[in-house]
Amino acid sequence: MNVGVLALQGDVPEHFRALRRVVPEQHIVWVRRPEDLVGLDALFLPGGESTTIADLLARTGLWVPMRERIEGGLAVLATCAGLIVLARALEPSPGGRDPPTFALLDIRVRRNDYGRQRESFEGPVRVQALEGPPFPGVFIRAPRILSVGPAARAIAWREEEVVGVRQGSVWGFTFHPELTRDLRLHRAFLRSAASSSS
Ligand code: GLN
């Protein structure tokens, strides 16, 4: 199975390092140009700065073909800025220019919504379908999921708040599983991607 990491900006090396622990390195593709999408079975969208990632997606010509692949059923795991790029709608964020989005994941999101004081924090997350202890959630200038539309469903919660959703083969989280040593989420996602691509 070939697994891509969108490598335009953000915590790409961290994704690569985490992924290398679950996928043989020769099956990991750094996605920077449209041709890198060919033959992918799954794609990771990293965290970073969603305005920059959206600009670079447009400038590299990746915007249209990547959106088409995802709409066509490509398995995607998006974290933080990656989730923002997929969202159906953004509520204006405090004092920021908000990027255009793919509008493929049926959620309404506000960027940087946990405020400056709490730009980064960690806390236990309950993830549906993961066995064992709560997942360690690392939140870095995280967006908040304000509402989940009928096409998507919540699959992760911090206290009562939704912090992860799934819509078909697209999984999105406001926290960063790639920054922990816990790879249960990666494994569950890749298992699901492998079973739907075969
Ligand atoms: N605050 C960033 C944004 O709005 C997201 C932060 C992250 O990906 N860790 O794009």
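Above this text you will find the structure in question.
Residues numbered from 1 in each chain as written. Predicted model: local features only at pLDDT ≥ 70, side-chain atom pairs only at ≥ 80, totals over all residues. Heavy atoms only, no water.

Undergrad: Tell me about the sheet that holds strand β3 (residues 42-45), and name the residues and values.
TA: Across the sheet, which stays open at both edges, the 9 strands sit in the order β2-β1-β3-β4-β12-β11-β10-β7-β8 with mixed pairing between neighbours. Edge positions in the open sheet fall to β2 (28-31) and β8 (135-140), since each of these has one partner strand only. Across this sheet, the average inter-strand angle for adjacent strands is 25°, counted without regard to direction. Sheet topology places strand β10 (residues 153-158) next to strand β11 (residues 161-167); 5 bridges connect them, and they run antiparallel. The partner of A156 across the bridge, within β11, is G164. Against the sheet, helix α3 (residues 63-71) touches β1 (3-6), β2, β3, β4 (75-79) and β12 (170-173), its axis set at about 120° to β3. (Pairing = 2+ DSSP bridges. Helix = DSSP H or I, 4+ residues; strand = E, 2+ residues; numbered from the N terminus. Axes fitted to C-alpha atoms, helices over the stretch in contact; angles between N-to-C directions. Contact = heavy atoms within 4.5 Å.)

Undergrad: Pulling in residues and values, what's your account of the pairing of β11?
TA: Every regular strand shows the same layout, with side chains that alternate between the two sheet faces. Counted along the chain from β10 to the antiparallel partner β11, the turn is 2 residues long, and its residue E159 has a positive phi close to 50°. Where β11 lies against β12, 4 bridges are found, and the strand directions are antiparallel. Note on β12: the bridge partner recorded for V165 is G172. In sequence, β11 turns back onto β12 through a hairpin of 2 residues, with G168 there showing a positive phi of about 60°.

Undergrad: I'd like to hear about the side chain of D182, residue by residue, with values.
TA: By the element assignment, D182 lies in the loop between β12 and α5 (184-197). According to the relative accessible area criterion, D182 is buried, its value standing at 17%. Engagement of the side chain of D182 in a polar contact is seen with the side chain of R184, the distance being 2.7 Å. Beyond its immediate chain neighbours, meaning those up to four positions away, D182 contacts F135, P136 and P177. (Buried < 20%, exposed > 50% of the residue type's maximum accessible area, 1.4 Å probe, protein only. Polar contact = N/O pair within 3.5 Å; in protein donor to acceptor, adjacent residues only side chain to side chain.)

Undergrad: With reference to specific residues and values, describe the pattern of salt bridges.
TA: Using the criterion set out here, one finds 14 salt bridges in the structure. With a closest N to O distance of 2.8 Å, R141 and E49 form a salt bridge. Linking R141 in the loop between β8 and β9 (144-148) with E49 in the loop between β3 and α2 (50-59), this pair joins segments that are 92 residues apart in sequence. Via salt bridges that share partners, E49, D98, R111 and R141 belong to a single interconnected network. (Salt bridge = Lys/Arg side-chain N within 4 Å of Asp/Glu carboxyl O.)

Undergrad: Describe the layout of surface pockets, with residues and values.
TA: A volume near 240 Å³ is recorded for the largest pocket. Lining the largest pocket are S93, P94, G95, G96, R111, N112, Y114, G115, R116, E119, R141 and A142. Residues that form the lining of the largest pocket fall into these classes: 3 nonpolar, 5 polar and 4 charged. When its volume is computed, the second largest pocket comes out at roughly 180 Å³. (1 Å grid on protein atoms, 1.4 Å probe; cavity = no way out; pocket = protein on both sides within 12 Å on 5 of 7 lines; lining within 4 Å. Points joined across faces, edges and corners; volume = space filled by probe spheres on them. Nonpolar A, V, L, I, M, F, W, Y, C, P; charged D, E, K, R; others polar.)

Undergrad: Give me unusual backbone geometry: which residues, what numbers.
TA: Its identity is not glycine, yet A103 carries a phi of approximately 55°, on the positive side. For N112, which is not a glycine, the phi torsion comes out positive at approximately 50°. Looking at the secondary structure, you find N112 in the loop between β6 (105-110) and β7 (120-127). We classify N112 as partly exposed; its relative accessible area is 27%.

Without other data, these values stay purely geometric and don't point to any function.
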